[in-house]
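Fold and contact review
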Amino acid sequence: MKLGKKIVALRIPILILAALMLIPAVIGYLKTRTNYDILTYLPKDIETMKGQNILAEDFGTGAFSMVVVEGLPDKDIASLAEKIEKVDHVERVISYASATNGTVPIELLPEDLQDTIRQGDSQLMMVFYDTTLSADETLNAVEEIRDVAGESVFIGGMSAVVIDTKNLSDHEVPIYVAIAVVLCLIVLQLNMDSFLIPILFLTSIGCAVAYNMGSNVFMGEISYVTKALAAVLQLAVTMDYSIFLWHSYCDEKKEFEDKKDAMAVAIDKTFVSVLGSSITTVAGFVALMFMSFTLGLDMGIVMAKGVVIGVICCVTILPSMILIFDKAIEKTRHKAWVPDFSRISPWIVKHYYIFIIAFLVLIVPAYYGQKHNKVYYNLDSSLPKDLQSIQANEKLEKEFNMASTHMILLDSNLGDKEVRELIDEVNKVDGVKTTLGIQALEGAGLPREMMPENIVNILDDGEYQLLFIMSEYKVASDEVNAQCDEINDIIDKYDTKGMLIGEAPCTEDLIKVTDHDFNIVNSVSIVLVGLIIIFVFKSASLPILLVSVIEFAIFINMGIPHYTGATLPFVASIVIGTIQLGSTVDYAILMTNKYKTARLGGMDRDGAVTTALEGSINSIFVSALSFFAATFGVGIYSKIDMISSLCILMARGAIISMFVVILLLPAVLRVFDGLVVHTTFGFKKVQGGQTPLHQGPSPLAH
C-alpha cells in the first residue's frame, strides 16, 4: 500500500504538476512534424526509394507536379510559367514553349507528342521542386502556385494530393476528438452512478493523450494516420482503467471509514490489475513495430506509449481528482441507467450448443471473407472527389489519357542509339502513352544544342539521364503493375543499374511489402498475446482457446466487407487484426479468470461457467460500448476513407468481440472444461474445492 499512500498524500502536488506538464506537452505537440506521405514509410533499401534519393540528391529535384492549364493562349502560358518559376522552391517549369524556345511550332511535333502536350484548349506543363515530394517547402510551393495560377490551372501529382490530405486532416482531427469525447461521455453517463465522475475520467485521459502526443516530439515526426487515430484510440483502450479505479474505490469505501485509506488501497489494486491487463494491449501495438513498412513502427510506438502513459495517469491524476472532488461527486450521484444483463447468463450457458453450432456454421464464410477482401493501395482513393488534386488527376486521366507518370533513371554514358531503342521498346508496352526525354525532343526536330540549358540539366546531370513515361493505367492497378514489371525488364536489357521510379513503382513495392507484413504482424501478435495468457493462467490450453475465440471475432469483422462489396484501405487489412486482438482479448481473460477462480473454489463445470459469465457480462458490455463510442462517430464523420474505415472496423470489432466472448466463450469453456483442468497448473485442486490461486483482477472487473 506504499504507492497508494504516497499518491494520496501528494494529491495536490500531483494535480499542480499535471497542469504544468500540459505546457511542454502542447509545445511538443506543436513542434512534432506530421508526415502526410505514406510512401515515405517504405523500406529505404528498395530500389524505388533509392531512385527517389538519387532524384533529390543528383538532380536537385525530389518532386514534380503535372499541371493542366485550361483556356490560355501560348503567350499567357509562357507568362504563367515565368510566374510559377519565381515561387520559392520551384526549381524549373517545363512547358511546350520553354522546352522548344518557341522555335518549333506545336503543329510540327509528332502526333503522339502533340497529344501529350495539348488536348483541345488544355495544355500540359511540368513543375519541378528543389525539395522532396512531401517536404513542407514543396507543400507550401503547391499552395502558392494555386494562388498565383488561379482557377484555370489544375495541379496534379502526389505533392498536390499530400497538401490536400494535410489540409483535410488538420481540419478534421480536432473534430474527431470532440466526437469521441461527446459519445464516450454519453455512454459513461448511462453506465456510471455519478454525473461528475465521467468528466473526471475524460479529464484524466485527456491529460494522458496530451502527454503522449507532446512526447512524440522526440520521434521528430509522426504520420497523419497516427495523429488522427492516436487520441481516439488511446481514449478507447484506456477508459476501462478509470472505470476499474472508480469501482475499486467505491468498494474500499465500504471497508474504510477514511476515504484516503480507501483510495490508497484502490490505487494499489488498480495498479496491479491494470498493469497486467494493459500488457495485452501493448503487445498488440508492439506487433505493429515488426512491419517493414514503418508506418507500423510509427503507430506502434505512439500507441504503446499512450497505453503506458494512460496507466500512469489512471493511478495518479484520476485518484487525486476524485479525492479533491469527492463531495461534488457524492452530490451528483444517480442510479446507473443500463440494465443488469447478468440474469441471462444461465440461459446462455444452458443453451451453449446453439453457439457452438453458430460457430461451426460461421467460421468457414468468415475465414473465406477475410481472406478475399478487396483492398486498395492507391492513396488518393481515400480522399473526397471534390479536392483540387483529385479533380486535377481526373482531368489528366480524362483529357490527356494520363493516369500515372513513371520515371526512368539511366546511366548518362548510355549512348543515344541505345536510349532511343529503349524508348521505342517502352512505347510499345501496353498502356504507355509516350516517353519523354532529350532523345524524344531531338526526334521531334529540336537539336540538343538548341534546347534551353535548364531543360537539359533536369534531364541529364552528367551521371544520370532521366526519362518520363506517361501511362494510361492507374496507380496500384494490376495493369500498371504488369506494365512496370515489363518496363523494368526492358531497362535491365540496356542498363543493369537503371531504375524505374515514381508513384506507381513505389505503390507496387508497397503492395509486396504489406502483403509480407500482414502475415508477420498477425503471427507476432498471436504469439505475444498467447505468451501473456500462458503467464497469466499457467495453462497450455487456455491461450489457444482464448486467442481462437478472439480470432473468430476478427474473422467475422474482417469478413463482412467481402460480403458487402466494400473495398478496404491496405492499412486496415494489416493493423485491425492485431489492434482488435490486443484490445479485446481482455474480455476473454476477465471471464476466464472468474471461471478458473470458481472452478478452483469447488464449483462444478456448469456452475463455474455460469458464475464467470454473470460476473463479467456487464463489465464486458460497458467496455465494448465505450470502445465503440470512441471510434464509431469518427468513422461516420471522417471524409478520409483510410481514417473512416479504420475507425468503423475498430468500432464494429469491439461489438463483435463482445458478442463472441459473451455467447461463444462460455460454450468453449464448458465443452473444453476437461482439457483445461488437465492442462492448467493448479487445477488438481478442483476436486478438493481448495482456495484458488491468486489472480490479479482484470480492469474490466467492476
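This is a predicted model, so every value here is computed, not measured.

Turning our attention to the packing of aromatic side chains. For the structure shown, the criterion picks out 14 aromatic pairs. For the ring pair Tyr 352 and Tyr 353, a centre distance of 5.9 Å and an interplane angle of 80 degrees mean the geometry is edge-to-face. The class for Tyr 353 is partly exposed, based on a relative accessible area of 43%. Considering the side-chain rings of Phe 628 and Phe 632, the 4.7 Å spacing of their centres and the 15 degrees angle between planes classify their relative orientation as stacked. Of this pair, Phe 628 and Phe 632 both sit in helix 24 (residues 605-637), four residues apart, which is roughly one turn of that helix.

Now for the side chain of Ser 215. Residue position: Ser 215 is located in helix 9 (residues 197-215). In terms of polar contacts, Ser 215 uses its side chain to reach the side chain of Lys 305, at 2.8 Å.

Here the focus is unusual backbone geometry. The backbone of Asn 401 sits at a positive phi, close to 55 degrees, despite the residue not being glycine. Relative to the assigned elements, Asn 401 resides in the loop between helix 16 (388-400) and strand 9 (404-411). Take Asn 401: its relative accessible area is 33%, and that puts it in the partly exposed class. Here the phi dihedral of Ala 476 falls at roughly 75 degrees; this positive angle occurs in a residue that is not glycine. Counting through the fold element by element, Ala 476 comes out in the loop between strand 11 (464-471) and helix 20 (478-494).

This part covers the pairing of strand 2 (residues 63-70). Burial runs high along strand 2: seven of the eight residues are buried. Note: strand 2 against strand 5 (residues 122-129), eight bridges, orientation antiparallel. Its bridge partner being in strand 5, Glu 70 is matched across the sheet by Ser 122. Sheet topology places strand 2 next to strand 6 (residues 153-155); three bridges connect them, and they run antiparallel. Bridged to Val 68 within strand 6 is Phe 154.

Here we take up the packing of helix 20 against helix 21 (residues 503-537). Orientation of helix 20 relative to helix 21, taken along the N-to-C sense of each, is 105 degrees, at an axis distance of 10 Å. Here helix 20 is positioned roughly perpendicular relative to helix 21, judged by the angle of their axes. Residues Val 480, Asn 481, Cys 484 and Asp 485 of helix 20 touch helix 21, and the partners they reach there are Ala 504, Pro 505, Glu 508 and Ile 511. The class makeup of the residues in the contact of helix 20 with helix 21 is five nonpolar, one polar and two charged.

As a further point, take the packing of helix 10 (residues 224-253) against helix 11 (residues 259-288). Put simply, helix 10 and helix 11 touch, their axes get as near as 8 Å, and they point 150 degrees apart. As far as their axial angle goes, helix 11 and helix 10 are roughly antiparallel. The handedness of the crossing between helix 10 and helix 11 comes out as right-handed.

Bringing helix 12 (residues 295-324) into the picture now. Taking 1.5 Å per residue, 30 residues should reach 44 Å; helix 12 reaches 41 Å between its end C-alpha atoms and fits that length. Counting buried positions along helix 12 gives 24 out of 30 residues, so the element sits mostly inside the fold.

Turning next to the confidence of the model for the chain. Considering every residue of the chain, the mean pLDDT works out to 88; 92% of them sit at 70 or more. Counted against residues more than four places away or in other chains, residues 688-697, with its pLDDT under 50, gives 21 contacts.

To continue, consider the environment of Val 349. Secondary-structure assignment places Val 349 in helix 14 (residues 345-350). For the pair Val 349 and Ile 458, spaced 109 residues apart in sequence, the C-alpha separation works out to 73 Å. The residues touching Val 349, leaving out its near neighbours within four places in the chain, are Asp 606, Val 609, Thr 610, Leu 613, Pro 666 and Arg 670.

A word on the pattern of salt bridges. All told, the structure shown has 21 salt bridges when counted by the stated rule. Between Asp 170 and Lys 166 there is a salt bridge; the shortest N-O distance is 3.3 Å. Pair noted here: Asp 170 and Lys 166 are both in helix 8 (residues 158-191), with a separation of four residues, about one helical turn. A relative accessible area of 30% means that Asp 170 is categorised as partly exposed. Glu 397 is paired through a salt bridge with Lys 474; the nearest N and O atoms lie 4.0 Å apart. Residue Glu 397 is located in helix 16, and its partner Lys 474 is located in the loop between strand 11 and helix 20; the two are separated by 77 residues in the primary sequence. For Lys 474, a relative accessible area of 45% translates into the label partly exposed. The structure contains a network of salt bridges with shared partners spanning Asp 193, Lys 253, Lys 259, Asp 326, Glu 330 and Arg 333.

About the criteria used
Residues numbered from 1 in each chain as written. Predicted model: local features only at pLDDT ≥ 70, side-chain atom pairs only at ≥ 80, totals over all residues. Heavy atoms only, no water. Phe/Tyr/Trp six-rings, centres within 6.5 Å; stacked < 30°, edge-to-face > 60°. Buried < 20%, exposed > 50% of the residue type's maximum accessible area, 1.4 Å probe, protein only. Helix = DSSP H or I, 4+ residues; strand = E, 2+ residues; numbered from the N terminus. Polar contact = N/O pair within 3.5 Å; in protein donor to acceptor, adjacent residues only side chain to side chain. Pairing = 2+ DSSP bridges. Axes fitted to C-alpha atoms, helices over the stretch in contact; angles between N-to-C directions. Parallel < 35°, antiparallel > 145°, perpendicular 65-115°, else oblique. Contact = heavy atoms within 4.5 Å. Nonpolar A, V, L, I, M, F, W, Y, C, P; charged D, E, K, R; others polar. Left-handed = near helix turned anticlockwise from the far one by under 90°. Expected span 1.5 Å × (residues − 1). pLDDT = per-residue confidence, 0-100. Salt bridge = Lys/Arg side-chain N within 4 Å of Asp/Glu carboxyl O.

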